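So you can see what is in the structure, the chains are spelled out below.
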Amino acid sequence: MQPVIPFTRPFISGNENRYLSQAIDSGSLAADGYFTQRCTSLISDKFGVGKIVMTPSCTAALEMAILLCDLGPGDEVILPSFTFASTANAVIAAHAKPIFVDIRPDTLNLNEELIEQAITPNTKAIMPVHYGGIACEMGKIMDIAQRHQLRVIEDAAQAVNASYDGRWLGSIGHLGAFSFHHTKNYVCGEGGALCINESDLTSRADIIREKGTNRIQFLRGDVDKYTWVNRGSSYVLSEINCAFLYAQLEQLDWITERRRETFERYLYHFTSIEEEGFIQLPTIPESCRSNYHIFYLILRDVTARDGLMRFLKERGIEAAFHYVPLHSSPMGRALGYHFDDLPITQNLSSRLLRLPIYPQLTEREQLRIIDEVKSFFQYTGTDVLVRDLTVA
Ligand SMILES: *Cc1c(COP(=O)(O)O)cnc(C)c1O
């Protein structure tokens, strides 16, 4: 039996231990020290973001974003159902209402053509999620937001170092949230960042993340003592995490490049089985530059998808499906949604299978995965044809 190829493995760039020791030796382990500064400057310079604050997670960054938009009971936020629970939880935490909109069949991103019909007088914001590091149609989305005076909060958890029309994701909406969770492209165990692109929100962001106090103003010498001034929480990331993350961010483009090679090798070898009609491969629109966070196949139906997943598992290869759509989850149903409210989301999520993609995946391991996927289709033949079944 060959060694198991795991679905995901956090990549270690090499300088993590050195920077961690440096942080420990500095005697300053809480937030906003040397490595926090290094990470925030690197991110804001590279991605052209107005202000960056490091957060304990993308979940926390999304919660902060919703607080900054002053959302409350009665307010509505438009988002896809094909996403992680955190996108919707941030809305629920503010007692506002998530309005789920269906996705595009090519990128699996929020379908920009369906946004306007979901807007009501209560709509306050749109949360596009850039699935797998491929951008939503941000040009159209920003245009809709401007016409209806809505805020845009990008859930760019998976989209660090990816762009749309030459602009970095996270820097386009009024606010953007990144994740550095260990399953993402650049990691520090648990961590995230909030991009604040609207300058009038920055001073409130400093208060919200510092437990509702004006500590940041105090540290800058603007006030002579610090005190509780508004609602807030602890949305800060420790120096330990930032030290680790800085080692990763130094390798930002190298990591993306390695993932690109893996992604393109899959495409190259799978094009023939797509042409035979067995699968649908990911689409990267002309305007998008991906960070290659996910590589997936769309199979004919749930049976073919589960069959391939089992077939690979028996051969020591871990593949994974992805989100159970939020609208048809127990919480979504409690909010009044029904299984068939979002047909494209429901359909595609049941047919999607993700394959391993990370910098340490060797070419040899990848060719083993490719061979096994191809042999699955040789076994099952036309039973799993996907052609003509792509939802329109
Ligand atoms: C990973 C992820 C999150 C949550 O990120 P954390 O840093 O673990 O909180 C939120 N949204 C999406 C789309 C994600 O992929």
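In every chain, residue numbers begin from 1 and rise along the written sequence. The predicted origin of the model limits local features to residues at a pLDDT of at least 70 and limits the giving and counting of side-chain atom pairs to 80 or more, whereas totals for whole chains, interfaces and linings rest on all residues. The basis for every side-chain value is the complete set of heavy atoms in the structure, and neither hydrogens nor water enter the calculation.

**Some words on the overall build of the chain**
- For the chain, the count of helices and strands is 13 helices and 12 strands.
- Relative to its length of 392 residues, the chain is compact, with a C-alpha radius of gyration of 22 Å against a globular reference of 21 Å.
- Three labels apply to residues, based on accessible area from a 1.4 Å probe with only protein chains included: buried if under 20% of the type maximum, exposed if over 50%, partly exposed otherwise in between. In the chain, which comprises 392 residues, the share counted as buried stands at 57%.
- Taking the intrachain contacts of the chain between residues at least 6 apart in sequence as the baseline, contacts between residues at least 24 apart amount to 71%.
- Calculation of accessible area relied on Shrake-Rupley with a 1.4 Å probe; when residues are assessed, cover is drawn exclusively from the protein chains displayed. In the structure as shown, the chain presents an accessible area of about 16800 Å², 51% of it carried by carbon and sulfur atoms.
- If you average the places of the 37 positive and of the 47 negative side-chain charges in the chain, the two averages end up 3 Å apart. Helix and strand labels come from DSSP, where a helix needs a run of H or I of at least four residues and a strand needs a run of E of at least two; each type is numbered from the N terminus. All radius of gyration figures rest on C-alpha atoms, and the globule criterion is 2.2 Å times the number of residues raised to 0.38. Only heavy atoms matter for contacts: two residues are in contact if any of them lie within 4.5 Å across the pair. Neither His nor the chain ends contribute to the count of charged residues, in which Lys and Arg are positive and Asp and Glu negative. For charged residues, the charge sits on one atom: NZ in Lys, CZ in Arg, CG in Asp, CD in Glu.

**A short note on the packing of aromatic side chains**
- Between rings of Phe, Tyr and Trp, where Trp is taken as its six-membered ring, a pair exists when centres lie within 6.5 Å; planes separated by under 30 degrees are stacked, by over 60 edge-to-face, and by other angles tilted. Taken as a whole, this structure holds 22 aromatic pairs when the rule is applied.
- Seen in terms of ring centroids, Y131 and Y323 are 6.0 Å apart; in terms of plane orientation they differ by 65°. Their pairing is edge-to-face. Of the two residues, Y131 sits in the loop between β4 (123–126) and α5 (138–148) while Y323 sits in the loop between α10 (302–314) and α11 (330–334), which places them 192 residues apart along the sequence. You'll find Y131 and Y323 in the same group, each marked buried.
- One residue, R315, lies across the ring of F311, its end atom 3.6 Å from the ring centre. In this scheme, the term charge over a ring applies when either NZ of a lysine or CZ of an arginine sits within 6 Å of the ring centre and within 35 degrees of the ring normal.

**Structural notes on the sheet that holds strand β1 (residues 51–55)**
- Strands pair, by our definition, only if DSSP identifies at least two bridges between them. The 7 strands lie next to each other as β1-β9-β8-β5-β4-β2-β3, forming an open sheet whose pairing is mixed. The strands lining the two open edges of the sheet, one partner per strand, are β1 and β3 (97–101). Neighbour to neighbour, the strand axes of the sheet diverge by 25° on average, direction disregarded.
- Note on method: axes are straight lines fitted to C-alpha atoms, helices fitted across the in-contact stretch only, with angles between N-to-C directions ranging 0 to 180 degrees. Lying over the sheet, helix α3 (residues 58–68) contacts β1, β5 (151–155), β8 (175–179) and β9 (192–196), oriented at roughly 165° with respect to β8.
- Contacts from helix α4 (residues 85–93) reach β2 (76–80), β3 and β5 within the one sheet, and its direction differs from that of β3 by about 145°.

**Thoughts on the side chain of D206**
- Here D206 lies in helix α6 (residues 202–209).
- Side-chain atoms alone can form a polar contact between residues adjacent in sequence; in general such a contact is a pair of N or O atoms within 3.5 Å, and within protein one must be able to donate a hydrogen while the other accepts it. Reaching out from D206, the side chain makes a polar contact with the side chain of K51 at a distance of 3.1 Å.
- Apart from the residues within four sequence positions on either side, D206 is in contact with K51, T213, I216 and R220.

**Quick notes on the pattern of salt bridges**
- By definition here, a salt bridge exists when the distance from a side-chain nitrogen of Lys or Arg to a carboxyl oxygen of Asp or Glu is within 4 Å. All told, the structure shown has 24 salt bridges when counted by the stated rule.
- Note that D206 is salt-bridged to K51, the shortest N-O span being 3.1 Å. Linking D206 in helix α6 with K51 in strand β1, this pair joins segments that are 155 residues apart in sequence.
- Residue K51 is classed as partly exposed on the basis of its relative accessible area of 23%.
- Of the charged contacts in the structure, one is a salt bridge between R104 and D106, with a shortest N-O distance of 2.7 Å.
- Residue class for R104 comes out buried when judged on its relative accessible area of 15%.
- Taking relative accessible area as the criterion, D106 reaches 24% and is therefore assigned partly exposed.

**So, α5**
- Those residues of α5 not exposed but buried are M138, I141, I144 and A145. The buried residues of α5 occupy an angular sector of 125° when the element is viewed end-on, so they sit on one face.
- One or two residues past the end of α5 sits Q149, with phi positive at roughly 55°. For this quantity, the arc is that covered by the directions from the helix axis to the C-beta atoms.

**Re unusual backbone geometry**
- Non-glycine residue Q149 carries a positive phi angle of around 55°.
- Locating Q149 in the fold gives a position in the loop between α5 and β5.
- A relative accessible area of 73% places Q149 in the exposed class.
- A positive phi angle, close to 70°, is found at N161, a residue other than glycine.
- Among the secondary structure elements, N161 is positioned in the loop between β5 and β6 (163–164).

**Focus on the domain arrangement of the chain**
- Taken domain by domain, the chain comprises domain 1 (16–249) and domain 2 (252–376).
- Domain start and end points were adopted from an automatic or database domain assignment. The distance between the C-alpha centroids of domain 1 and domain 2 comes to 26 Å.
- Taken together, the contact between domain 1 and domain 2 spans 41 residues of the former and 35 residues of the latter.
- Once two parts are brought into contact, the accessible area they lose, counted with a 1.4 Å probe and summed over both, makes up the buried area. A buried area of about 3400 Å², summed over both sides, lies between domain 1 and domain 2, and 59% of it is on carbon and sulfur atoms.

**Describing the environment of A90**
- Residue position: A90 is located in helix α4.
- If near-sequence neighbours (up to four positions away) are discounted, A90 is found in contact with L62, E63 and I66.

**Regarding the nonpolar core**
- To qualify as a nonpolar core, a set must consist of buried Ala, Val, Leu, Ile, Met, Phe, Trp, Tyr and Cys residues joined through side-chain atoms within 4.5 Å. Counting 89 residues, the largest nonpolar core has M54, I126, L175, F178, F180 and L194 as the members making the most contacts within it.
- With 9 residues, α3 is the single largest residue contributor to this core.
- Of the residues that make up this core, three or more belong to each of domain 1 (16–249) and domain 2 (252–376).
- Dropping the residues within four chain positions of it, L175 is found in contact with A65, L68, C69, V152, I153, E154, L194, C195, I196, N197 and L201.
- One finds Y266, L312, I317 and L355 within the second-largest nonpolar core, a separate group that totals 29 residues.

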